[in-house]
Amino acid sequence: MAGIPEQRCEANADAEAQGAAPAALGANEARFMRRAIELAWRGWGWTNPNPLVGCVLVRDGRIIGEGWHEKCGQAHAERNALADCARRAADGAADAELADDAQAGDPARGHARGATAYVTLEPCCHTGKQPPCTEALIAAGVARVVVGSRDPNPLVAGKGSAKLREAGIRVDEDVLRGECDELNPIFFRFISRKTPYVVAKWAMSADGKIACASGDARWVSGPESRRDTHELRHRLAAIVVGIDTVMADDPLLTCRRGGEPGNQPLRVVLDSRLRIPEDCALVRSCAQDEAPLAVATCASVDDPATDAGAKAQRLRTLGVEVLRVPQDGAGHVAIRPLLRALGEKGIDSLLVEGGSGIHGAFFDEGAVDEAVVYLAPKVVGGADAPSPVAGAGAARMAEAAVLGRPRAHALGDDLKITFAPAGAARVADHTPASRDALGATAPAMEGGDLCSPAS
């Protein structure tokens, strides 16, 4: 049974191997880069499969423009910062001549001339859904670019910084690199391996039960933990559950953020024999365009003359995507082919919500990058009450999955615990509630340290 694999940003690993040293920080430079990081977090949940990026423009020690990548397909952080710089000039932050210039031609041209751009990720130099950010920075006359993370995308990977240098722009790299890397473990994983970053999540009682022996599981965790789960649904591109969970609970699995808009993830049901009820909440909500749904099955669905084929056709008519995936040795949906299929669809991240058999399958395959557990102050008891992870399991304790270093903080009456390899960034630590708690003065527990009740 494999544990959580070590994760590294390959681009940064290469820099370390070459002995690259972070640039020395001036008195205010850490402050400007941390402001760029703060801006980048505002894209939480909206940029997949693009990275979270923030940019701050500074001249003479003063911020003259700010921006972040707000949504996939929209302008990148650098162009948003340049546009903000132009707006400030047009609104009277600059002299009248510059304000007049802002009304014609490129609105960013000239206003950022001589400025320093603090960017959390190496600027892109290729055309995708947006034009290259390097061209915008060069055209704006920026004198210096300070880069946090290096971009592992082969289309960028060092080429963005090189283009800026070729244009005579000074580039300083690896500034607050560790903090900038924490923004994008999902992007680094996906762009390098083309399969989703996987977060396994469950709520359990203090004695390790996810439900009573009767099957009742509402609710194991408290309202704060359930709200936090919706933030993870908002951040990650897809959720996966097993067909047994669908049959037992009829879940909706949508992102509900208390009145705030949320990015609805692709809901994926592992259903080897295509048993999903056509009138279940998942299918109904998909038919009503509330949230997308895919069913991964091993059944032969290509021939509409068969029962499975006819059902697949009806599901597709309702908007459901039916994915044919190879089966594993037990006749269930094979995890690795599933991850490859999702990656080909551009799904960069996956929240595994169970049940226990699905969690077991992912752990058995060593396919979990991070785990998050909501531990409730309850004791369920009962030998037949289910635990979070089933699957084949370990035959000996030495073969047990090793989750990595724990980090924990109080979340209402519950304890939220995240697991990842030492030094790895954790997606689940950056939900709004966790960022507030872990940014507090009271220390969080990590690797055996004490956990303050106020953390």
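Computed from a predicted structure; not experimentally measured.

If you tally the helices and strands in the protein, you get 15 helices and 15 strands. With 455 residues in all, the protein has 52% of them scored as buried. Within the protein, counting contacts between residues at least 6 apart in sequence, those at least 24 apart form 75% of the total. For the protein, the exposed surface amounts to about 19700 Å²; the carbon and sulfur share of it is 50%.

Now for the side chain of Thr254. Tracing the sequence through the fold places Thr254 in the loop between helix H10 (243-249) and strand S8 (266-270). A relative accessible area of 5% means that Thr254 is categorised as buried. In this structure Thr254 touches His230, Arg233, Gln264, Arg267 and Ala291, once residues within four positions along its chain are discounted.

This brings us to the side chain of Asp429. Relative to the elements of secondary structure, Asp429 occurs in the loop between strand S14 (414-420) and helix H15 (432-438). In terms of polar contacts, Asp429 uses its side chain to reach the side chain of Thr418, at 2.9 Å. Sequence-distant contacts of Asp429, defined by excluding residues within four places in its chain, comprise Glu370, Arg407, Thr418, Ser434, Arg435 and Leu438.

Moving on, we come to the pairing of strand S12 (residues 370-376). Counting buried positions along S12 gives six out of seven residues, so the element sits mostly inside the fold. For strand S6 (residues 197-205) and S12, the ladder comprises seven bridges, and the chain directions are parallel. Pairing of Met204 across the sheet is with Leu375, part of S12. Here S12 runs beside S14; their pairing, made up of five bridges, is antiparallel. Paired with Leu375 across the two strands is Leu415, which belongs to S14.

This paragraph deals with the nonpolar core. Judged by nonpolar contacts, the single largest core of 53 residues is most densely connected at Met33, Val246, Val269 and Ile276. Considering every element that reaches this core, the biggest residue donor is helix H2 (residues 29-40), with seven residues. Those residues in contact with Val269 that sit more than four places away from it in its chain are Val241, Gly242, Ile243, Val246, Ile276, Leu282, Leu293, Ala294, Val295 and Ala296. One finds Ala238, Val333, Ile358 and Val373 within the second-largest nonpolar core, a separate group that totals 35 residues.

So, on to the pattern of salt bridges. Side chains carrying opposite charge are able to pair once their charged atoms draw close together. Applying the stated criterion to the full structure yields 27 salt bridges. Residue Arg233 pairs with Glu353 through a salt bridge whose shortest N-O separation is 2.9 Å. Here Arg233, found in helix H9 (residues 223-235), pairs with Glu353, found in strand S11 (residues 349-354); they are 120 residues apart in sequence, far enough to count as distant. Comparing Arg233 with Glu353, the two get one shared label, buried. Between Asp244 and Arg275 there is a salt bridge; the shortest N-O distance is 3.1 Å. In this pair, Asp244 sits in helix H10 while Arg275 sits in the loop between S8 and helix H11 (281-287), placing the two residues 31 residues apart along the sequence. Put simply, Arg35, Glu38, Glu66, Asp84, Arg87 and Arg88 are held in one network by salt bridges that share partners.

Criteria and thresholds
Residues numbered from 1 in each chain as written. Predicted model: local features only at pLDDT ≥ 70, side-chain atom pairs only at ≥ 80, totals over all residues. Heavy atoms only, no water. Helix = DSSP H or I, 4+ residues; strand = E, 2+ residues; numbered from the N terminus. Buried < 20%, exposed > 50% of the residue type's maximum accessible area, 1.4 Å probe, protein only. Contact = heavy atoms within 4.5 Å. Areas by Shrake-Rupley, 256 points an atom, 1.4 Å probe, with all protein chains shown as cover. Polar contact = N/O pair within 3.5 Å; in protein donor to acceptor, adjacent residues only side chain to side chain. Pairing = 2+ DSSP bridges. Core = buried A, V, L, I, M, F, W, Y, C linked by side-chain atoms within 4.5 Å. Salt bridge = Lys/Arg side-chain N within 4 Å of Asp/Glu carboxyl O.

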